[in-house]
Amino acid sequence: MATTETLEEFYHHKFNGLPENLKKDIGHFNVFRLEDCALTPANYSRRDFYKISLIRGHLRYHYADRSVEATGTTLMFFNPQVPYTWEAVTGEPSGYFCIFREAFFTEKIRGSLQDLPMFAMGGKPFYSLTPAQEQQVSAIFEKMLAEITSDYLYKYDLLRNYVTEMTHFALKSQPAEVLYEHPDANARITAVFSELLERQFPIESPGQRFQLRSAKDFAEQLAVHVNHLNRAIKKTTGKTTTELIASRLVSEAKALLKHTDWNISEIGYSLGFAEPAHFNNFFKKHTTLPPSQFRHV
């Protein structure tokens, strides 16, 4: 399984350090202007925290088995159970986002955040905003930014209310979803599977390890049933999920054998094979040659 991005990893990725209050606040809460963060590519993965973003610009979001394209201003709600990432199509985006763990709410309220439609599995988390709506939500984020640095004793209660206000604002709006370039659900899920597969490559050191090795692994990352994933890929490509994974593994194995001085065991391990014999058998099955012989052809 691919790892889940933690709050600690998020802060190192965006700010090269941890805030002093990371371990002190119940559930942790923080809020940012997008322009103040490093806009480096993010991995397509789960996080161990919730995130609400308001982003202005022409953007593409990859969320579970969907790719969504948006222009203008979009309000987004990200669930820790569902992998996601986003990319700017043109220009530099601007806006705000806040992050928090579920305990930030569950210490004070009953029920789960995932009971809310925008955070529910299979829900629609994207909301396109009019200029007037953008002004309303931006004002909430500005109040959060002002409050997070205050000395007010009950500021986290107030911040919690601001987040609740945003969720109710979204519930009163219509979710917006414009699917990007994919004519049907099968094509969408195949495209996201292919992207997730490719993001594991290239293997650049013997210590790096290819981790999503089965259809079940990918289905869990995409938050879909494995049978649904297999049917979609077979219908779209004519090949099975296992065949596509194996083909990409063989391609990477060939490159590592030809262009590195790693030994066979190191290459096999980096590709997810615990035993050298398993890698040998796999490679020979797909190329007719054992790895050691292929290396010297």
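Quantities reported herein were computed from a predicted structural model and do not represent experimental measurements.

Two elements in contact, helix H5 (residues 185–198) and helix H6 (residues 215–222), have axes separated by 11 Å at closest approach and are oriented at 110°. Between H5 and H6, the crossing angle belongs to the class labelled roughly perpendicular. Taking contact as the criterion, the partners of Ile189, Val192, Phe193, Leu196 and Leu197 in H5 are, on H6, Phe218, Gln221 and Leu222. Considering only residue class, the contact of H5 with H6 consists of seven nonpolar, one polar and no charged.

This next bit is on helix H10 (residues 276–287). With 12 residues, H10 should cover 16 Å at 1.5 Å per step; its first-to-last C-alpha distance of 16 Å lies within 8% of that length. Of the residues making up H10, those classed as buried are Phe279, Phe282, Phe283 and Thr287. Around the axis of H10, the buried residues are gathered within 105° of arc, so they sit on the same side. Set apart from the buried face of H10 by more than 90 degrees, the exposed residues are Asn281 and Lys285. Buried residues along H10 sit in contact with helix H8 (241–259), helix H9 (264–270) and helix H11 (291–295). Once H10 finishes, Thr288 follows within two positions and takes phi at roughly 75°, a positive value.

Taken together, the side chains of Tyr152, Leu153 and Tyr154 present a nonpolar region at the surface, about 380 Å² in accessible area. In this structure, Tyr154 sits in the loop between helix H3 (131–148) and helix H4 (155–171).

Another point: the environment of Phe218. Among the secondary structure elements, Phe218 is positioned in helix H6. Judged by its relative accessible area of 0%, Phe218 is buried. Taking the C-alpha atoms as reference points, Phe218 and Val192, 26 residues apart in sequence, are found 10.0 Å from one another. Dropping the residues within four chain positions of it, Phe218 is found in contact with Phe193, Leu196, Leu197, Gln200, Leu212, Leu229 and Ile245.

A few words now on the side chain of Thr241. Locating Thr241 in the fold gives a position in helix H8. Those residues in contact with Thr241, other than ones at most four positions away along the chain, are Phe193, Ala215, Leu229, Asn230 and Ile233.

This brings us to H3. The end-to-end C-alpha distance of H3, which contains 18 residues, comes to 26 Å, matching closely the 26 Å that a straight helix rising 1.5 Å per residue would cover. Listing the buried residues of H3 in full gives Gln133, Glu134, Val137, Ser138, Ile140, Phe141, Met144, Leu145, Glu147 and Ile148. Residues of H3 that are buried sit in contact with strand E1 (29–33), strand E2 (50–63), strand E4 (73–78), strand E5 (84–100), strand E6 (126–129) and H4.

Before going further, it helps to examine the packing of aromatic side chains. The description of an aromatic ring pair uses the distance of the two centres, along with the angle that the planes make with each other. Considering all chains together, one arrives at 21 aromatic pairs under this definition. Consider the rings of Tyr50 and Phe100, whose centres lie 5.7 Å apart with planes at 5°: the pair is stacked. Note that Tyr50 is positioned in strand E2 and Phe100 in strand E5, a separation of 50 residues in sequence. A single burial state applies to Tyr50 and to Phe100, both of which are buried. Among the aromatic residues, those joined into a ring-pair cluster are Phe10, Tyr11, Phe32, Phe49 and Phe97. The ring of Phe97 is capped by Lys51, whose NZ or CZ atom sits 4.7 Å from the centre of that ring. Above the face of the Phe294 ring, Lys258 is positioned so that its terminal group lies 4.9 Å from the ring centre.

Right, let's get into the pairing of E4. Burial analysis of E4 places six of its six residues in the buried class, the great majority of the element. Pairing of E2 with E4, which is carried by six bridges, proceeds in the antiparallel orientation. What sits directly across from Arg56, in E4, is Thr73. Bridge count for E4 against E6 is four bridges, and the pairing is antiparallel.

Predicted confidence across the protein gives a mean pLDDT of 84, with 85% of residues reaching 70 or more. Low confidence marks residues 178–182, where pLDDT is under 50. Its contacts with residues over four positions away, or in another chain, come to 13 contacts.

Before going further, it helps to examine the side chain of Thr167. Within the secondary structure, Thr167 sits in helix H4. Note on Thr167: relative accessible area 6%, which makes it buried. Among the polar contacts listed, one links the side chain of Thr167 to the backbone oxygen of Thr164, at a separation of 2.7 Å. When sequence neighbours within four positions are dropped, the list of residues in contact with Thr167 reads Phe77, Leu116 and Met118.

Thresholds applied
Residues numbered from 1 in each chain as written. Predicted model: local features only at pLDDT ≥ 70, side-chain atom pairs only at ≥ 80, totals over all residues. Heavy atoms only, no water. Axes fitted to C-alpha atoms, helices over the stretch in contact; angles between N-to-C directions. Helix = DSSP H or I, 4+ residues; strand = E, 2+ residues; numbered from the N terminus. Parallel < 35°, antiparallel > 145°, perpendicular 65-115°, else oblique. Contact = heavy atoms within 4.5 Å. Nonpolar A, V, L, I, M, F, W, Y, C, P; charged D, E, K, R; others polar. Expected span 1.5 Å × (residues − 1). Buried < 20%, exposed > 50% of the residue type's maximum accessible area, 1.4 Å probe, protein only. Arc of directions from axis to C-beta. Patch = residues over 30% accessible without salt bridge, like charges linked within 9 Å, V, L, I, M, F, W, Y side chains within 5 Å. Areas by Shrake-Rupley, 256 points an atom, 1.4 Å probe, with all protein chains shown as cover. Salt bridge = Lys/Arg side-chain N within 4 Å of Asp/Glu carboxyl O. Phe/Tyr/Trp six-rings, centres within 6.5 Å; stacked < 30°, edge-to-face > 60°. Lys NZ or Arg CZ within 6 Å of the ring centre and 35° of its normal. Pairing = 2+ DSSP bridges. pLDDT = per-residue confidence, 0-100. Polar contact = N/O pair within 3.5 Å; in protein donor to acceptor, adjacent residues only side chain to side chain.

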